[in-house]
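Here are the chains, one letter per residue:
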Amino acid sequence: MMKTELLAPAGDIEAAYAALYYGADAIYLGLKNFSARASATNFDEQGLNEITAYAHHLKRKVYVTINTVLQEHELPDLIKSLDICSKCKVDAVILQDLGVAHLIKTQYKELEMHASTQMAVHNKEGALFLKSLGFSRVVLARELTVDEINKISAIEGLETEVFIHGALCYSYSGICEFSAMEYGKSANRGKCLYPCRACFGENKHLFSMKDLALESDILNLNATSLKIEGRKKSALYVAAVTDYYRKILDGQKPDLRRAENIKQIFSRPWCKFHLQGKNKNVIDHDFVGHRGLEIGKIENITKGRLIFTPTHAISRFDGLQIDVEGQEKPFGFSIQNIKQNGKNVFEAQKNIAVEIELPRGYPTLKKDMEVYLASSSQVKGAYDYTKPKPKEFQNKTNVDVTVEVFKDKICALSGCFSSCVKGEFESAKDLGKVYDAFVKSFQKTGDTVFELSQFELKNPLGLFVPASTINELRRGLYNNIVPEFKHGFLSKLPKPLSNKKTGFIIKTDNLHLLDELDLSLFQEIIYLIDEKPDFEKLVALPLEKIRISLPTVCRKPECLITTVKKLMDLGYLKWEVSNYWGLSVVDAKKYDVSFGPFIYMFNSEALLMAKGIGATRVCFGVEDTLKNLEEFSSKAFLPTSFIIYQDVPLFTSAVCIRKNDCTHCKGGQEWLSLSKDGKHFEALSVPCQIMMFDQLPFCAASVAKDVRASYYQMDFCFKPYTSQKVKEISQKLMNFEDIETSIQGNLKRTNI
């Protein structure tokens, strides 16, 4: 049985060394480009080369994250990143974009592909499809239960990776467009501003998640790899969390002291998310950010001094935080003065009352407010680690060397590279020693990236060469060699479609909204179904115009598959999928299958992958910029659709915000009106799922003709409309006029 892998984050090389020292079997890290943690320090080529060589020396692994969606102009830089991964011999690439997958499959077959959590793999069907596409591992959505995880992990020949500790996103990863559409910084491109952490209405943080901490529950998971989140965290944090879980995996019970150390370094309140089933206690409603270790409650405030009894030892210069009602973040300060038993002390013992001097301007503090130890001097010094000297470990390039000795010179050759040194040489007394001297010298590759593989000496006259001359020859040759490594190239594209004629598509989840439309004006009707579609209304519509759309998230696909088969039997041959699970249910080789916007198409390499899968049409990303849409669409060789009207799902979540508990849930739909920073939003709650929308629809009708699309698409899903309103809006859109009150997302932005 394969050993369970402990996978730790490395936002920089110090975190990498700390992770490996404290027992990580593998680390994951990002390069300077295309990392979903763009604000982490990340790695350059030299750093990646050193850490992979060191990890491989320890028989550990290194995975590189190229897990963002890429725009067309970024493809040449993608080639450079993949070249670096190949050159540095990384063990796998964690990716989201199908364009990255296409280049790896066609040009970098030595690189394994791991499906990022950004691909939103949340059921067995999605995992099976990605396996068929050549992925050796899938990183599962964080929302899954232990039973769902183990069901997917039972797939033969496919590895699974599961998050076990760290920050949680409110949305399913990869289908969140909140930061992108509202603030111009895309989570799918590694630049999320985390607007879900903010306060919405009633001074409550409705979407600010606690931290995940599965602790000993990891022993119930059959996943291949257990993953710690935290590429933006310090080496100290990485060391502490890796150490904690290493001990659990090695058979020790969870260590309270080690857990407390983690909380003092960085921690929101902990939860186990939905591992054991539905769990509503996963939101930190009142405060955001690092909280720390709870060590007591305020007993009194007198003369600018805080009095409480700590349950943990504290020292001068430690940091304390206190939850203060009405403030988003806890009030924090560094301890400058402690009294215990009436005496000034440097370190205070636990379970004995202390007096701590408060800083000037402290807020109103009250009895029974919780006190947290948010920073500990003792913990900061508790996780030392060793690391190699700079350049001590490097991935080497094997070289074969041939040396020929002449009377007046010696020459060395390696491939097409050479070096010669002049001299006058006498007969050798011991040819064996001459040979050994050459080999010993050329094995000394020093700081170069070379490693001697095969050596041949041609010395027909049996001459002796001094060591100093041999060394000069070696240095000259190694200086002249230019290491060869793979240089990829962009794929040759088929001829673009002419798109001289364009048509209109309408999409809806309520077929009654079509009642007042002249359907002859539309080339296609896309019907977004659930488990109980409106068969009566559906069969009354022209069959040849209908395309059935599968929902993006489907936690129980077995329930929907019955409906899908019934529709297929009725003759519905055209389908739309917006998540990879749908491609297991509807075979693109047998049916007309188009891709919805959540199978992101931002570049031509992704389009090639879509063509290989069998897609008959793709949809441009709603969060994309007009500049990229113009460039990418001009190269499109598959039919495309451009959404010109939509209530964009800003996020989709498995975290319920209804006030009732699950037992007393009334089911059905419930709408909530929310606001933040002058922006107004509407959240749709259905059992076990939340979707949020801007109060205003996205509209791109006025710029539609700048995008070379086969079809212009208008969506009327999720929000309540009337058939009359749909008619009014569609008429305006067909005249390429924007709706007066609407948003345009990133169309006019240049850098998302």
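Since we're looking at a predicted model, the values are computed, not measured.

Draft legend 1. Just the environment of Asp592, in detail. Position of Asp592 relative to the elements: it lies in strand S30 (residues 592-595). Taking the C-alpha atoms as reference points, Asp592 and Arg617, 25 residues apart in sequence, are found 8.7 Å from one another. Not counting the four nearest positions on each side in its chain, Asp592 is found in contact with Arg547, Leu573, Lys574, Trp575 and Thr616. There is a polar contact of 3.1 Å between the side chain of Asp592 and the side chain of Arg547.

Draft legend 2. Examining the packing of aromatic side chains more closely. For the coordinates displayed, the defined rule picks out 32 aromatic pairs. With a centroid separation of 5.6 Å and an interplanar angle of 35°, the aromatic rings of Phe450 and Tyr478 are classed as tilted. Placement of Phe450 in strand S25 (residues 450-458) and of Tyr478 in helix H12 (residues 467-480) is noted, with a sequence separation of 28 residues between them. Residue classification places Phe450 among the buried positions, given a relative accessible area of 3%. Connected via pairs of aromatic rings, a cluster forms that spans Tyr170, Phe178, Tyr183, Phe200, Phe207, Phe651 and Phe681. Just above the ring of Phe406 sits the side chain of Lys409; from NZ or CZ to the centre is 5.7 Å. Between Arg617 and the ring centre of Tyr711, over which it is positioned, the NZ or CZ distance is 5.3 Å.

Draft legend 3. Expanded view of the pattern of salt bridges. As enumerated under the stated definition, the model contains 35 salt bridges in all. Residue Lys272 pairs with Asp217 through a salt bridge whose shortest N-O separation is 3.6 Å. Residue Lys272 is found in the loop between strand S10 (270-271) and strand S11 (293-297), and its partner Asp217 is found in the loop between strand S8 (211-213) and strand S9 (225-228); the two are separated by 55 residues along the sequence. Lys272 gets classed as partly exposed once you look at its relative accessible area, which sits at 30%. Taking relative accessible area as the criterion, Asp217 reaches 15% and is therefore assigned buried. In this structure, the salt-bridge partner of Asp323 is Arg291, at a minimum N-O distance of 3.5 Å. Of the two residues, Asp323 is situated in the loop between strand S15 (319-322) and strand S16 (331-334) and Arg291 in the loop between S10 and S11; the sequence distance between them amounts to 32 residues.

Draft legend 4. Main features of the environment of Tyr17. Secondary-structure assignment places Tyr17 in helix H1 (residues 13-21). Placed 218 residues apart in sequence, Tyr17 and Ala235 show a C-alpha to C-alpha distance of 8.2 Å. When residues no more than four places from it in sequence are discounted, the contact partners of Tyr17 are Glu50, Ile51, Tyr54, Tyr385, Lys387 and Pro388.

Draft legend 5. Structural detail: the side chain of Thr224. With respect to the element layout, Thr224 can be found in the loop between S8 and S9. Taking the relative accessible area as the measure of exposure, Thr224 reaches 14% and is therefore buried. In this structure Thr224 touches Met2, Lys3, Thr4, Glu5, Arg137, Glu159 and Thr160, once residues within four positions along its chain are discounted.

Draft legend 6. Local environment of the state of the cysteines. The tally for this structure, following the rule as stated, stands at 1 disulfide. Across a sulfur-sulfur distance of 2.1 Å, Cys411 and Cys420 are joined as a disulfide pair. One quick way to see it: the torsion about the S-S bond of Cys411 and Cys420 is about 110°, and its sign makes the bridge right-handed. With a relative accessible area of 9%, Cys411 lands in the buried category. With a relative accessible area of 47%, Cys420 lands in the partly exposed category. Free cysteine Cys192: the closest other cysteine sulfur is in Cys176, separated by 6.0 Å. For Cys192, a relative accessible area of 23% translates into the label partly exposed.

Draft legend 7. Summary view of the sheet that holds S25. The 4 strands are arranged S24-S23-S22-S25 in an open sheet whose pairing can be described as mixed. The strands lining the two open edges of the sheet, one partner per strand, are strand S24 (417-422) and S25. Sheet twist, expressed as the mean angle between neighbouring strand axes with direction ignored, is 20°. Bridging between strand S22 (residues 397-405) and strand S23 (residues 409-414) involves 4 bridges; their strand directions are antiparallel. Residue pairing in the sheet places Glu404 in a bridge with Cys411 of S23. Packed onto the sheet, helix H11 (residues 431-442) meets S22, S23 and S25 and runs at close to 160° relative to S25.

Draft legend 8. Just helix H18 (residues 723-734), in detail. For H18, spanning 12 residues, the distance from its first C-alpha to its last is 16 Å, which sits close to the expected 16 Å at 1.5 Å a residue. All of the buried residues in H18 are Ser723, Val726, Ile729, Ser730, Leu733 and Met734. Buried residues of H18, seen end-on, are gathered within an arc of 130° and therefore sit on one face of the element.

Draft legend 9. Examining unusual backbone geometry more closely. You will see that Lys89, though not glycine, has its phi angle at about 60°, which is positive. Among the structural elements, Lys89 can be located in the loop between helix H3 (75-87) and strand S4 (92-95). Even without being glycine, Phe736 reaches a positive phi, approximately 60°. In this fold, Phe736 is placed in the segment after H18. Classification of Phe736 by relative accessible area gives partly exposed; the value is 21%.

Draft legend 10. Seen up close, the pairing of strand S27 (residues 524-528). Of all 5 residues making up S27, 5 are buried, and the element is well covered by its neighbours. Because side chains alternate across S27, one face comprises the buried residues Glu524, Ile526 and Leu528, and the other comprises Ile525 and Tyr527, equally buried. With 4 bridges connecting them, strand S26 (residues 503-508) and S27 associate as parallel partners. Bridge pairing in S27 links Lys507 to Ile526. Pairing analysis gives 4 bridges linking S27 to strand S28 (residues 546-549), with the strands arranged parallel. Residue Ile526 lies in a different strand from S28, and its bridge partner there is Arg547.

Draft legend 11. Broad picture of the pairing of S24. Side chains Phe417, Ser419 and Val421 of S24 all project onto a buried face; the interleaved residues Ser418, Cys420 and Lys422 project onto a face where none is buried. In terms of strand pairing, S23 meets S24 through 6 bridges, oriented antiparallel. If you follow Cys411 over to S24, its bridge partner there is Cys420.

Draft legend 12. Geometry of the nonpolar core. Counting 193 residues, the largest nonpolar core has Leu98 and Phe595 as its most contacted members. Ranked by residues supplied to this core, first place goes to helix H8 (residues 235-249) with 9 residues. Residue contacts for Phe595: discarding those within four places in its chain leaves Leu98, Glu576, Val577, Leu583, Met601, Ala610, Ile613, Ala615, Arg617, Val618 and Cys619. By size, the runner-up hydrophobic cluster in this structure holds 25 residues, among which are Val401, Val403, Val465 and Leu473.

Draft legend 13. Main features of H1. Among all positions in H1, only Ala15, Ala16, Tyr17, Ala18, Ala19 and Leu20 are buried. Buried residues in H1 make contact with strand S1 (5-9), strand S2 (26-30), helix H2 (45-57) and H8. Residue Asp12 occupies the N-cap position of H1, its side-chain oxygen lying 3.2 Å from the main-chain nitrogen of Glu14. In the segment just after H1, Gly23 is the residue with positive phi, at about 105°.

Draft legend 14. Examining the sheet that holds S16 more closely. Judged by pairing direction, the sheet is antiparallel, and its 4 strands sit side by side in the order S11-S21-S15-S16 without closing on themselves. Of all the strands in the sheet, just S11 and S16 have a single pairing partner and so form its edges. Across the sheet, the mean angle from the axis of one strand to that of its neighbour is 30°, orientation sign disregarded. Pairing of S15 with S16 involves 4 bridges; the strand directions are antiparallel. By the bridge assignment for S16, Leu320 is matched with Phe333. On the sheet, helix H9 (residues 256-265) packs against S11 and strand S21 (370-375) and is oriented at approximately 85° with respect to S21.

Conventions and cut-offs
Chains are numbered independently. Their residues run from 1 in the order of the written sequence. Local features are withheld for residues below a pLDDT of 70 in this predicted model, meaning they are given only at 70 or higher, and side-chain atom pairs are given and counted only at 80 or more; totals for whole chains, interfaces and linings count all residues. With hydrogens and water set aside, each side-chain value is computed from the structure's full complement of heavy atoms. Only DSSP runs of H or I reaching four residues or more are called helices, and only runs of E reaching two or more are called strands; each is numbered from the N terminus. In this description, contact between two residues means that some pair of their heavy atoms is separated by no more than 4.5 Å. Pairing of N or O atoms within 3.5 Å defines a polar contact, subject to two protein rules: one partner must be a possible hydrogen donor and the other a possible acceptor, and residues neighboring in sequence count only if both atoms are side-chain atoms. Pairing of aromatic rings covers Phe, Tyr and the six-membered ring of Trp, with a centre-to-centre limit of 6.5 Å; geometry is then stacked below 30 degrees between planes, edge-to-face above 60, and tilted otherwise. We call a residue buried when its accessible area falls under 20% of the maximum for its residue type, exposed when it is over 50%, and partly exposed in between, using a 1.4 Å probe and counting protein chains only. Only when the NZ of Lys or the CZ of Arg is both within 6 Å of the ring centre and within 35 degrees of the ring normal is a charge said to sit over the ring. What makes a salt bridge here is a side-chain nitrogen of Lys or Arg within 4 Å of a carboxyl oxygen of Asp or Glu, nothing more. Pairs of cysteine sulfur atoms within 2.5 Å are what we label disulfides. Paired strands, in this sense, are two strands between which DSSP finds at least two bridges. A fitted line through C-alpha atoms serves as each axis, taken over the contacting stretch for helices, and the angle formed by two N-to-C directions is quoted from 0 to 180°. One fewer than the residue count of a helix, multiplied by 1.5 Å, yields its expected span. The arc in question is the one spanned by the directions pointing from the helix axis to the C-beta atoms. Remark: nonpolar core denotes a set of buried residues (Ala, Val, Leu, Ile, Met, Phe, Trp, Tyr, Cys) joined through side-chain atoms within 4.5 Å.

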